[in-house]
Amino acid sequence: MSAGNDFGARGRALVTGAAGGLGREVAVQLAARGCNVAIADINAAGAAETAVLVRGHGVEAEEIVGDFTQEGAPEAAVQKVVERWGGIDILVNNAGYGVIEPFLEASFKSWTRTLALNVTALAMACKAAGRVMRDQRSGRIVNITSPGSRMALPDYTAYTASKAGVDSITRAAAVALAPYGVLVNSLAPGMMDTEMQRSTEIDLARVAGRNDIQAFLDERTRRIPLGRRAEISEVAEAVVWLALDAPAYMTAERLNMSGGLDKD
């Protein structure tokens with residue numbers, strides 16, 4: 001087939017970091033397209049809220065609460081999806097972590113936590129889902145990266161380095177799984193109104209010695225060529241497009257959605 005797939009008819013999806021923000025919106029949009037959705041997050045209450053929204057579309061939801069930085073946790077999540085629905089068609093690696101620290105003051109703890117979730121857990125989830133998809137000879141993986149993966153940001157280096165790792169894993173997984181008809185792509189969203197984005201920018205303002213937080217945020221928004229921040233819903237729409245509608249010949253690609261901030 002040249003485009004799309006039939007996953008929407010009770011497709012089996014796993015979305016990490018789906019207790020809120022972009023992950024929740026992706027889960028809900030997949031549900032609206034007819035997918036059963038497993039919601040993975042460390043936040044049990046948020047995952048339960050997302051599950052209610054998913055079920056509101058007449059599909060099934062599975063709540064998977066746990067810390068993906070623990071050995072075996074990503075593989076166990078994939079296995080839970082397989083046990084419930086007999087396979088997995090879509091994996092969206094959305095869970096992420098990052099802290100603002102000047103490079104010369106960065107701590108071992110923040111580096112290891114960031115890389116453990118953003119790189120190692122993502123790679124293990126890709127591996128586990130990829131094995132199932134290989135045997136099915138179908139499936140799509142979407143990894144959330146960042147424009148920062150190609151920028152020099154000395155106050156956010158662990159995060160940007162981790163997202164460069166995501167880019168590398170995406171390419172490698174795409175090549176490894178291509179012979180089996182499994183597609184692996186990534187999406188790099190720009191600035192949007194999520195809890196993590198707000199927290200990050202407030203910390204950036206403090207490191208820069210800026211007391212007027214709103215003025216700092218407004219300045220950053222003005223740097224975006226389209227002149228506004230992304231809506232969570234439109235970023236999620238792009239993720240769902242990669243998961244359901246992108247052409248079957250598209251793999252190992254990075255889709256930029258930053259209003260022109262990140263340019264290829």
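A brief look at the structure comes next.

Reading the values: the criteria
Residues numbered from 1 in each chain as written. Predicted model: local features only at pLDDT ≥ 70, side-chain atom pairs only at ≥ 80, totals over all residues. Heavy atoms only, no water. Buried < 20%, exposed > 50% of the residue type's maximum accessible area, 1.4 Å probe, protein only. Helix = DSSP H or I, 4+ residues; strand = E, 2+ residues; numbered from the N terminus. Pairing = 2+ DSSP bridges. Right-handed = clockwise from strand over helix to strand, strands pointing away. Axes fitted to C-alpha atoms, helices over the stretch in contact; angles between N-to-C directions. Parallel < 35°, antiparallel > 145°, perpendicular 65-115°, else oblique. Left-handed = near helix turned anticlockwise from the far one by under 90°. Contact = heavy atoms within 4.5 Å. Nonpolar A, V, L, I, M, F, W, Y, C, P; charged D, E, K, R; others polar. 1 Å grid on protein atoms, 1.4 Å probe; cavity = no way out; pocket = protein on both sides within 12 Å on 5 of 7 lines; lining within 4 Å. Points joined across faces, edges and corners; volume = space filled by probe spheres on them. Phe/Tyr/Trp six-rings, centres within 6.5 Å; stacked < 30°, edge-to-face > 60°. Lys NZ or Arg CZ within 6 Å of the ring centre and 35° of its normal.

## Considering the pairing of strand 6 (residues 182-189)
Among the eight residues in strand 6, eight count as buried, and that is most of the element. Neither face of strand 6 is open: one carries Val-182, Val-184, Ser-186 and Ala-188, the other Leu-183, Asn-185, Leu-187 and Pro-189, and all of them are buried. The pairing of strand 5 (residues 139-144) with strand 6 spans six bridges and is parallel. Across the sheet, the residue bridging to Gly-139 is Val-182, located in strand 6. Handedness of the β-α-β unit built from strand 5, helix 5 (residues 157-177) and strand 6 comes out right-handed.

## Observations regarding the packing of helix 1 (residues 21-32) against helix 2 (residues 44-55)
At a minimum axis distance of 9 Å, the contact between helix 1 and helix 2 shows a crossing angle of 25 degrees. Classified by the interaxial angle, the pair formed by helix 1 and helix 2 is roughly parallel. Pair helix 1 / helix 2 crosses with right-handed handedness. Here Arg-24, Ala-27, Val-28 and Ala-31 of helix 1 lie close against helix 2, whose contacting residues are Gly-46, Glu-49, Thr-50, Leu-53 and Val-54. Partitioning the contact of helix 1 with helix 2 into residue classes produces five nonpolar, two polar and two charged.

## Points about empty space enclosed by the protein
Evaluation of the coordinates by the stated rule reveals two cavities of 30 Å³ or more. Estimates place the volume of the largest cavity at around 60 Å³. Around the largest cavity sit Val-99, Glu-101, Phe-103, Ala-106, Ser-110, Trp-111, Pro-154, Asp-155, Tyr-156, Thr-157, Ala-158 and Tyr-159, which together line it. Counting only elements with at least two residues in the lining of the largest cavity, the list comes to helix 4 (108-136) and helix 5. Looking at the lining of the largest cavity, the element that brings in the most residues is helix 5, giving three residues. Classifying every residue of the lining of the largest cavity gives eight nonpolar, two polar and two charged.

## Brief notes about the packing of aromatic side chains
Summed over the entire model, instances satisfying the criterion amount to one aromatic pair. Aromatic pair Tyr-156 and Tyr-159: ring centres 4.5 Å apart, planes at 15 degrees, arrangement stacked. In this structure, Tyr-156 and Tyr-159 share a single accessibility class: buried. Arg-113 extends its terminal NZ or CZ atom over the ring of Tyr-97, reaching a point 5.4 Å from the ring centre.

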